[in-house]
Amino acid sequence: MSVSGNGAGNLAGEDVVDGVGRLPVPSLDDRRYADLVEAALRLRDRYCPEWTSTEPGDPGIALIEIVSYLVDQLLYRLNQVPDRLYSEFLNMVGVARRAAEVATARVDFMLDAPGQTVRVPAGTPVSTVAAGSGPVEFVTVEQAIARPVSLRWVVDGDETDGGRISSAVRARETAGTWIELVLGEGGPNSLVRVELDIDPAGVELEFQVSGAAGWVDVESESVPADRPAVLVDTGPDWTAESDRWKMRFRPVLAERAKKLTTFSVLVHNTHGAGVSVEVQHASAVPAEELGTGTGRPRQRLRTRRSPLLPDLHRVRVGGTEWKAVESLVSSLADDKHYELDRNTGEVLFGDGTHGAIPPENAEIVIDYLAGGGSAGNVASGSIVVLREAIPHVARVHNRWPATGGMDAESVEEARTRAPALLRSGWRAVSADDFERLARLSSPRVARARCNAEPGVARVVVVPHPEGVGDEESFASLLPGDPVFDEVVEFLDARRAVGVRLVVEPPDYQGVRVEAAVTRSEFEPADEVYDRAAEALRDYLHPVRGGRDGQGWPFGRPVVAGELFGVLLDVPGVELVDEVHLFPWDPVTDQTGERTDRVDLKPNGLCWPAPPRVRAK
């Protein structure tokens, strides 16, 4: 069976199924304003022939036009009845809008002085600096504690030389031997400042901490200080052996050592510099008054803010807490239940048969967290405002961008996908079914492609990358990201018996673009080059690239000549002098030889490196 048409969500469309047209959906009344005026004038001639004036200023003509306008508005609303019935039908069969997803980030709470124990409560509000639409607010997900993290000793350190120790990098290797520290009063997600001297200086250090399953790699960065220091984020897996919190580090060279290289290290001290806490895009709204009970069935009330976060809301009717349920259909007459639409903040109570009715004049109050959507995907270094002071916390900031925020599905998007869902019955049989259901399995899924083989459904999944702009994470497109587990779980429950399911990413090919352009003399150089680089990155992007903006086509090669047109469309670019392509590995950051064409595999997509645009 072949299906074609202009979209199942279009009620007035004429989709064709095996050559048979859909039943047409007529307008209930197709008359418009001009038709109504003309009909009224004809009636005037029949019933009042002595009325001959047709001038616009005639009071009678003005009255006819006013009445025709009002009737035209009524007919417009009448013709919305099929759309309303269609939406009501989708609600009845359980086709609901996907709710907004909440962005999360990690925020560092930095102390004003070392050696202190500071508690950061769950629900602590932080935000970005207020901009045009106001600050973007976040709250901490759970309680965290910043601890002193004092240095006990350096394992195998020379006590006669203040604990100095050596780390050697052998010839043809890049990493030295480990130097182990034993610390006291540590804890998960601690930010530890390690003060040390290393000779020769300027070498990169790799850190690990002890975990339940062995040593765990952690993030570190050099920090400006009077004494050379490194800030180590110990991560959530740091655990103690008895009362000993262990950490180790070693020097790492950028290239293989040509001969044995020895580094002399003196660790002066360690301090607890703060704690890293997970936050989510939300703001707490306590004890908002929804209204009072009317004593009538199916009472609906709405919160002032939306969307709402899941499972973090509480409704009290007359001081008694009621329970949220997915549907009131299974509720009994006395069950104090309610439904909540997270997208709109609408609260629906029962009708006395399915769920209890709030008593008349009973005060209805709700506590909730409002947030979610793409507005929470802020850049690194944006969350810098602590909205409630905490003693000894000097500042906050996020080292990485907030990710995961997705806007709620629009009504039109839900209406468009509904017919296909009803046609397949939520079962994955054909390749189209697998692709459609893969896109529905998670808001993170941007694209999906199914290659059907005998007995095997091979589904290629392209997630929305995490991050913003140049900070988009290539790692979030690869297996290991939770989105792939969501797709597997969703499709596995809906595939046919005997069909083996394989979910995998595309064959990504990195592409680096270098271009030289001539700009308009009236345009600032930096702005033109930035716009040109952004246009190139967007055009090659696996999710929003291509000529149609729906993502770079699978398997389509990248040709330098095609990018000339992209650059010429950039405001401020007068001429495109040259465009060069380089194959690039986004994992190792290795760049290949210059070329005019980069070929992709049949299931391949390109992942663009930050383009380099300059003047000729």
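J.: Looking at this model, I keep getting lost on the pairing of strand β7 (residues 137-140). Mind explaining?
T.: Regular strands place their side chains on alternate faces of the sheet. Summarising the sheet, strand β6 (residues 125-128) and β7 pair through three bridges and their orientation is antiparallel. Counterpart to Ser127 in the pairing with β7 is Glu137. Here three bridges tie β7 to strand β17 (residues 261-281), and the two strands are oriented antiparallel to one another. From the neighbouring strand, Phe138 faces β17, where its bridge partner is His281.

J.: Hey, could you run me through the sheet that holds strand β28 (residues 456-463) in this one?
T.: Sheet strands pair by backbone hydrogen bonding; their relative direction is either parallel or antiparallel. Read across the open sheet, the three strands follow the order β27-β28-β29; overall the sheet is mixed. Pairing within the sheet leaves two strands with one partner each, and these edge strands are β27 (445-453) and β29 (500-504). Direction aside, the axes of adjacent strands within the sheet are offset by 20° on average. The sheet contact formed by β28 and β29 spans five bridges and is parallel. Counterpart to Val460 in the pairing with β29 is Glu504. Taken strand by strand, helix α5 (residues 431-440) contacts β27, β28 and β29, and its axis lies near 155° from that of β27.

J.: Is there a simple way to explain the nonpolar core in this structure?
T.: One broad trend across soluble globular proteins is that nonpolar side chains are buried collectively. If you look at the biggest cluster of nonpolar residues, it comprises 37 residues, and the most contacted ones within it are Val558 and Leu563. Contributions of two or more residues to this core are made by β28, β30 (507-519), α7 (525-540), α8 (560-568), β32 (573-584) and β34 (604-608). In terms of residue count, α7 provides more of this core than any other element does, seven residues in total. The contact partners of Val558, leaving out residues within four places of it in the chain, are Val511, Leu540, Trp552, Leu581, Asp596, Arg597, Val598, Leu600 and Cys606. Judged by nonpolar contacts, the second largest core, of 26 residues, contains Val192, Phe207, Trp238 and Ala257.

J.: Help me out: how do you make sense of a negative patch on the surface in this one?
T.: On the surface, Glu101, Asp485, Glu486 and Glu489 cluster together into a negatively charged patch. Take Asp485: it is sitting in helix α6 (residues 482-492). Its relative accessible area of 56% is what places Asp485 among the exposed residues.

J.: It is not clear to me how the packing of aromatic side chains should be interpreted in this structure. Could you clarify?
T.: The description of two aromatic rings rests on the distance between their centres and on the angle between their planes. Scanning the model with the defined rule gives seven aromatic pairs in all. Plain terms: the ring middles of Phe474 and Tyr508 are 5.5 Å apart, the flat faces sit at 80° to each other, and that makes the pair edge-to-face. Taken as a pair, Phe474 in the loop between β28 and α6 and Tyr508 in strand β30 lie far apart in primary sequence, 34 residues in all. These aromatic residues form a ring-pair network of at least three members: Trp322, Tyr338 and Phe349. For the cation-ring pair, Arg248 lies above Trp178, with the distance from its terminal atom to the ring centre recorded as 4.2 Å.

J.: Could you clarify how one ought to interpret unusual backbone geometry in this entry?
T.: Peptide bonds are, in most cases, trans, and in most cases residues other than glycine have a negative phi. Each neighbour pair has its own omega, and for Asp199 with Pro200 the value is 5°, a cis peptide bond. Positionally, Pro200 belongs in the loop between β12 (190-199) and β13 (204-211). Residues Ser306 and Pro307 are joined by a peptide bond in cis, for which omega reads 0°. With respect to the element layout, Pro307 can be found in the loop between β19 (300-302) and β20 (314-317). Notably, Ser242 is not glycine yet its phi reads approximately 60°, a positive angle. Mapping Ser242 onto the fold places it in the loop between β15 (229-233) and β16 (245-252). Positioned with a positive phi, Asp589 is a non-glycine residue whose angle comes to about 65°.

J.: Would you mind showing me how to read α5 here?
T.: Every α-helix winds through 3.6 residues per turn, so residues three or four apart in the chain are directed the same way. Counting buried positions over the 10 residues of α5 gives seven, a clear majority of the element. Listing the buried residues of α5 in full gives Asp433, Phe434, Glu435, Arg436, Leu437, Ala438 and Leu440.

J.: Would you mind showing me how to read a nonpolar patch on the surface here?
T.: Taken together, Tyr33, Ile66, Tyr69 and Leu70 make up a surface patch of nonpolar side chains, about 410 Å² in accessible area. Examining the composition of the nonpolar patch, we find that three residues originate from one element, helix α2 (residues 59-78), more than from any other. With respect to the helices and strands, Ile66 occurs in helix α2.

J.: Looking at this model, I keep getting lost on the pattern of salt bridges. Mind explaining?
T.: Two side chains bearing opposite charge may form a pair once their charged atoms approach each other closely. Inspection of every chain in the model, using the stated rule, returns 31 salt bridges. Residue Arg387 is joined to Glu137 by a salt bridge in which the shortest nitrogen-to-oxygen separation is 3.7 Å. Highlighted residues: Arg387 in the loop between β25 (383-386) and β26 (393-397) and Glu137 in strand β7, separated in sequence by 250 residues. Arg387 gets classed as partly exposed once you look at its relative accessible area, which sits at 40%. The class of Glu137 is partly exposed, set by a relative accessible area of 25%. The salt bridge involving Glu241 is made with Lys246; its shortest N-O contact spans 3.1 Å. Given a relative accessible area of 41%, Glu241 falls into the partly exposed group. Salt bridges sharing common partners tie together Glu472, Arg537, Asp538 and Arg544.

J.: Sorry if this is basic, but what is going on with the environment of Leu205 here?
T.: Relative to the helices and strands, Leu205 resides in strand β13. By relative accessible area, Leu205 is classed as buried at 14%. Look past the residues within four positions of Leu205 in its chain and what remains in contact with it is Leu196, Ile198, Ser220, Val230, Phe249, Arg250 and Pro251.

J.: For this particular structure, what's the right way to read the sheet that holds strand β24 (residues 363-370)?
T.: Spatially, β18-β24-β20-β21-β22-β23-β19 is the arrangement adopted by the seven strands of the open sheet, whose pairing is mixed. The sheet is open, and its two borders are formed by β18 (283-292) and β19, each paired with just one other strand. Between one strand axis and the next, the sheet turns through 30° on average, direction left out of account. In terms of strand pairing, β20 meets β24 through four bridges, oriented antiparallel. Looking across to β24, one finds that Arg314 is bridged to Asp367.

J.: Where do I start with the confidence of the model for the chain in this structure?
T.: Where the model shows low pLDDT, its predicted coordinates should not be examined in detail. With 92% of its residues at a pLDDT of 70 or more, the chain has an overall mean of 86. Note that pLDDT drops below 50 for residues 1-23; the model gives that stretch 34 contacts with residues more than four away or on any other chain.

Reading the values: the criteria
Residues numbered from 1 in each chain as written. Predicted model: local features only at pLDDT ≥ 70, side-chain atom pairs only at ≥ 80, totals over all residues. Heavy atoms only, no water. Pairing = 2+ DSSP bridges. Helix = DSSP H or I, 4+ residues; strand = E, 2+ residues; numbered from the N terminus. Axes fitted to C-alpha atoms, helices over the stretch in contact; angles between N-to-C directions. Contact = heavy atoms within 4.5 Å. Core = buried A, V, L, I, M, F, W, Y, C linked by side-chain atoms within 4.5 Å. Buried < 20%, exposed > 50% of the residue type's maximum accessible area, 1.4 Å probe, protein only. Patch = residues over 30% accessible without salt bridge, like charges linked within 9 Å, V, L, I, M, F, W, Y side chains within 5 Å. Areas by Shrake-Rupley, 256 points an atom, 1.4 Å probe, with all protein chains shown as cover. Salt bridge = Lys/Arg side-chain N within 4 Å of Asp/Glu carboxyl O. Lys, Arg positive; Asp, Glu negative; His and termini not counted. Charge placed at Lys NZ, Arg CZ, Asp CG, Glu CD. Phe/Tyr/Trp six-rings, centres within 6.5 Å; stacked < 30°, edge-to-face > 60°. Lys NZ or Arg CZ within 6 Å of the ring centre and 35° of its normal. pLDDT = per-residue confidence, 0-100.

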